[in-house]
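Geometric and topological summary
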Amino acid sequence: MSQSVLFVCLGNICRSPLAEAALRRECAASELTVIIDSAGTGDWHVGQPPDERAQATAARNGLDIGHLRARQVTGSDFHDFDHIIALDNQNLRDLTAMRPMKAVAKLSLLFDHVAGRAGEDVADPFYGEVEDFDQTWAEVTEAATTIRKWLEASQGEPI
């Protein structure tokens, strides 16, 4: 039984696509089958590719995310994914508020999966510079490594 993870930020063009790419790379390297996607709580960028700076950051790290398209979280996501991981506390609060009754997805914050960082936000690099996107990449990559290890250890059972 494969597991599934949905990363969520505000617009789904910066942080969550980078987190998606980082976990995809981690899982592919360890031959772990996991369904991975990303979405936003807002609808401003639906259908658009990731921010050009996010694409450039991924490319510098050997990944192409240009094919990804922003989408908004839907009620069915709470039933279709085992884990919905928010990139910051505001999005976690928004997800908690929109969570349907009888939802199966476990909600968490990305940094709750990183030792010593529980409760912290991944800063939104949208209004920042290239180095802010590099910092986001470093953070989501660190978290992806930990999440992959937990998924492997769970041997197909939801973590």
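Treat the numbers as computed from the prediction; the structure is a model and nothing was measured.

**Examining the packing of helix 1 (residues 15-29) against helix 5 (residues 130-153)**
Between helix 1 and helix 5, whose axes approach to 8 Å, the crossing angle comes to 45°. Of the possible angle classes, the one that applies to helix 1 and helix 5 is oblique. For the crossing formed where helix 1 meets helix 5, the hand is right-handed. Between helix 1, through Arg15, Leu18, Ala19, Ala21, Ala22, Leu23, Arg25, Glu26 and Cys27, and helix 5, the contact on the second element is made entirely by Phe133, Thr136, Trp137, Val140, Thr141, Ala144, Thr145, Ile147 and Arg148. Class assignment for the residues of the contact of helix 1 with helix 5 results in eleven nonpolar, three polar and four charged.

**Looking at the side chain of serine 108**
With respect to the helices and strands, the residue serine 108 is situated in strand 4 (residues 106-109). Its relative accessible area of 14% is what places serine 108 among the buried residues. At a separation of 2.8 Å, a polar atom in the side chain of serine 108 contacts the side chain of histidine 113.

**Describing the nonpolar core**
In this structure, Phe7, Leu18, Leu23, Leu87, Leu110 and Val140 are the most contacted members of the largest nonpolar core, which totals 32 residues. Secondary structure elements with two or more residues in this core: strand 1 (3-9), helix 1, strand 2 (34-40), helix 2 (52-60) and helix 5. No other element matches helix 5, which puts seven residues into this core. If sequence neighbours within four positions are ignored, leucine 23 has contacts with Val5, Phe7, Ile36, Ala144, Ile147 and Arg148. In this structure, Leu6, Ile84, Ala86 and Leu95 belong to the second largest nonpolar core, which totals 13 residues.

**Concerning the pattern of salt bridges**
By the definition in use, this model includes eleven salt bridges. Its salt-bridge partner being aspartate 124, residue arginine 15 comes within 3.8 Å of it at the nearest N-O pair. Of the two residues, arginine 15 sits in helix 1 while aspartate 124 sits in the loop between strand 4 and helix 5, which places them 109 residues apart along the sequence. Between arginine 71 and aspartate 77 there is a salt bridge, with its nearest N and O atoms 2.9 Å apart. Classification of aspartate 77 by relative accessible area gives buried; the value is 3%. Salt bridges here are not isolated pairs; linked through shared partners, they connect Arg15, Asp88 and Asp124.

What counts and what doesn't
- Residues numbered from 1 in each chain as written.
- Predicted model: local features only at pLDDT ≥ 70, side-chain atom pairs only at ≥ 80, totals over all residues.
- Heavy atoms only, no water.
- Axes fitted to C-alpha atoms, helices over the stretch in contact; angles between N-to-C directions.
- Helix = DSSP H or I, 4+ residues; strand = E, 2+ residues; numbered from the N terminus.
- Parallel < 35°, antiparallel > 145°, perpendicular 65-115°, else oblique.
- Left-handed = near helix turned anticlockwise from the far one by under 90°.
- Contact = heavy atoms within 4.5 Å.
- Nonpolar A, V, L, I, M, F, W, Y, C, P; charged D, E, K, R; others polar.
- Buried < 20%, exposed > 50% of the residue type's maximum accessible area, 1.4 Å probe, protein only.
- Polar contact = N/O pair within 3.5 Å; in protein donor to acceptor, adjacent residues only side chain to side chain.
- Core = buried A, V, L, I, M, F, W, Y, C linked by side-chain atoms within 4.5 Å.
- Salt bridge = Lys/Arg side-chain N within 4 Å of Asp/Glu carboxyl O.

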